[in-house]
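Observations on chain architecture
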2 protein chains.
Amino acid sequence: MGLALDEARRALEHGDVPVGAVALVAGEVIAADHNRREELGDPTAHAELLVLRAAAAVVGGWRLGDVTLVVTLEPCPMCAGALVASRLGRLVFGAADPRAGACGSLYNLCSDPRLNHDVGVTHGVRAAESTELLAQFFAGRRAAR
Amino acid sequence: MGLALDEARRALEHGDVPVGAVALVAGEVIAADHNRREELGDPTAHAELLVLRAAAAVVGGWRLGDVTLVVTLEPCPMCAGALVASRLGRLVFGAADPRAGACGSLYNLCSDPRLNHDVGVTHGVRAAESTELLAQFFAGRRAAR
């Protein structure tokens, strides 16, 4: 999660909401990135999607059953759906997102018996640091208006 | 929808589930693609995500409020979440997907007052042709086993 928080801070360099993610296989980091929506002008360039794509390139296929994704914020519906679509092995996230979280807050896409895959989830890891980063970012944006 | 169905057929050339999508602005096609998950080994390479990314590149930003996405099958949670994340103007889809559809079947991410955007949806357009393409594909795959 330390590496994911470092990634989140990098998003600030280009004015993106600070969310970072890291993918691991057997404890080894195989991909890391952060939210680049504003930088790339790409609505799908959330940290999680970028890291899932990079991880798939490393693994050599779209099934990521051996991969653990560590992300600073609870994934949104798009990203949570991508975890299911990639048959992800495990998700670890920091802060819950009561506004758009889809891994326990608004939805729980990671554990829906109607879908074809369950993702094991660990949450609340270094959540205070993630929340603080986000709070500072949004306070700064409000002040700049 | 004719163009989206043509795209869906192209997915068959590389063994991908036949789903196609087209993005339009003011009636003009600005992007078209099909499911390339197997071809690219990318869990996020569904037709919708590829077209949203291409459309954002054409529009020059991640907000796609002027864009209509036409897709042959009801979007999954990942793709439906991406429609919300891109503030899409309108969605037109063909066949409903009772197994994974997230625009009315299992979920309705396009119309959830808790999320920050509503996507107007038209559905059932040339649904029989889309269903037939998918049925042929899955029948062929079963026969090959």
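The coordinates are above.
Cut-offs applied
- Residues numbered from 1 in each chain as written.
- Chains lettered and ligands numbered in written order.
- Predicted model: local features only at pLDDT ≥ 70, side-chain atom pairs only at ≥ 80, totals over all residues.
- Heavy atoms only, no water.
- Axes fitted to C-alpha atoms, helices over the stretch in contact; angles between N-to-C directions.
- Helix = DSSP H or I, 4+ residues; strand = E, 2+ residues; numbered from the N terminus.
- Parallel < 35°, antiparallel > 145°, perpendicular 65-115°, else oblique.
- Contact = heavy atoms within 4.5 Å.
- Nonpolar A, V, L, I, M, F, W, Y, C, P; charged D, E, K, R; others polar.
- Buried < 20%, exposed > 50% of the residue type's maximum accessible area, 1.4 Å probe, protein only.
- Least-squares fit on C-alpha atoms with pLDDT ≥ 70 in both.
- Expected span 1.5 Å × (residues − 1).
- Arc of directions from axis to C-beta.
- Pairing = 2+ DSSP bridges.
- Buried area = accessible area lost by both parts, 1.4 Å probe.
- Salt bridge = Lys/Arg side-chain N within 4 Å of Asp/Glu carboxyl O.
- Polar contact = N/O pair within 3.5 Å; in protein donor to acceptor, adjacent residues only side chain to side chain.

Things to note about the packing of helix α1 (residues 2-11) of chain A against helix α5 (residues 127-144) of chain A
Residue and element names in this part refer to chain A. Interaxial distance between α1 and α5 falls to 11 Å at its minimum, and their mutual angle equals 0°. By the angle between their directions, the pair α1 and α5 is classed as roughly parallel. In contact with Leu 5, Ala 8 and Arg 9 of α1, α5 contributes Glu 129, Ser 130 and Leu 133. Tallied by class, the residues present in the contact of α1 with α5 amount to three nonpolar, one polar and two charged.

Here we look at the environment of Leu 133 of chain B
Residues and elements named next belong to chain B. Mapped onto the secondary structure, Leu 133 falls in helix α5 (residues 127-144). A residue is classified by how much of its surface remains accessible, and Leu 133, at 10% relative accessible area, is buried. Residues Leu 133 and Ser 105, spaced 28 residues apart in sequence, show a C-alpha to C-alpha distance of 20 Å. Other than its neighbours up to four places away in sequence, Leu 133 contacts Leu 5, Ala 8, Arg 9, Leu 12 and Pro 18.

What about unusual backbone geometry?
Excluding glycine, residues mostly have negative phi values, and the peptide bonds linking residues are mostly trans. One non-glycine residue, Arg 126 of chain A, adopts positive backbone phi at about 50°. With respect to the element layout, Arg 126 of chain A can be found in the loop between β5 (120-123) and α5.

A few points about the relation of the copies chain A and chain B
For the pair chain A and chain B, the superposition axis carries a translation of 0.0 Å, the fit reaches an RMSD of 0.0 Å, and the rotation angle comes to 180°. The relationship between the two copies is best expressed as a two-fold rotation axis. In terms of proximity to the rotation axis, the leading residue of chain A is Met 78 of chain A, whose C-alpha is 2.0 Å off the axis. Of all interface residues in chain A, 100% are interface residues in chain B too; the two copies therefore contact each other through one and the same surface.

Section: α5 of chain A
Residue and element names in this part refer to chain A. Look at α5: 26 Å from first C-alpha to last across 18 residues, which is about the 26 Å you get at 1.5 Å a residue. When we look at burial in α5, the residues that qualify are Ser 130, Leu 133, Leu 134 and Phe 137. For α5, the angular spread of buried residues about the axis comes to 90°, placing them on one side. Along α5, the residues that are exposed and aim more than 90 degrees away from the buried face are Ala 128, Gln 136, Arg 142 and Ala 143. In the core, the buried residues of α5 are packed alongside α1, β3 (67-73) and β4 (90-95).

A few points about the sheet that holds β4 of chain A
All names here are of chain A. On the basis of which strands lie adjacent, the open sheet formed by five strands has the order β2-β1-β3-β4-β5 and mixed pairing. Edge strands, defined here as strands with exactly one partner in the open sheet, are β2 (28-34) and β5. Shown here is a sheet whose adjacent strand axes are inclined to one another by a mean of 15°, direction ignored. Two strands pair when backbone bridges link them, and β3 and β4 are joined in this way by five bridges, in the parallel orientation. Bridge pairing in β4 places Val 70 opposite Val 92.

Structural notes on the interface of chain A and chain B
Tallying the contact residues gives 28 residues for chain A and 28 residues for chain B. Considering only the surface of chain A that becomes buried against chain B, Pro 43, Trp 62 and Tyr 107 of chain A emerge as the three largest contributors, covering 25% of it. Put simply, Asp 42 of chain B and Arg 53 of chain A hold a salt bridge, and the shortest N to O gap is 3.7 Å. The interface formed by chain A and chain B contains eight residue pairs in polar contact (both at pLDDT 80 or more). Of all the secondary structure elements, the ones that give two or more residues to the side of chain A that touches chain B are α2 (37-40), α3 (47-59) and α4 (77-85) of chain A. When residues of the side of chain A that touches chain B are assigned to their parent elements, the largest contribution, five residues, is made by α4 of chain A. Residues of the side of chain A that touches chain B, tallied by class, amount to 14 nonpolar, six polar and eight charged.

Brief notes about α3 of chain A
Its 13 residues place the ends of α3 of chain A 18 Å apart at the C-alpha level, agreeing with the 18 Å of an ideal helix rising 1.5 Å per residue. Inspection of α3 of chain A places Ala 47, Glu 48, Leu 49, Leu 50, Val 51, Leu 52, Ala 55 and Ala 56 of chain A among the buried residues, and these make up the whole buried set. If you follow the buried residues of α3 of chain A, they end up packed against β1 (20-25), β2, β3 and α4 of chain A together with α3 (47-59) of chain B. One or two steps after α3 of chain A, the chain reaches Gly 60 of chain A, where phi turns positive at roughly 90°.

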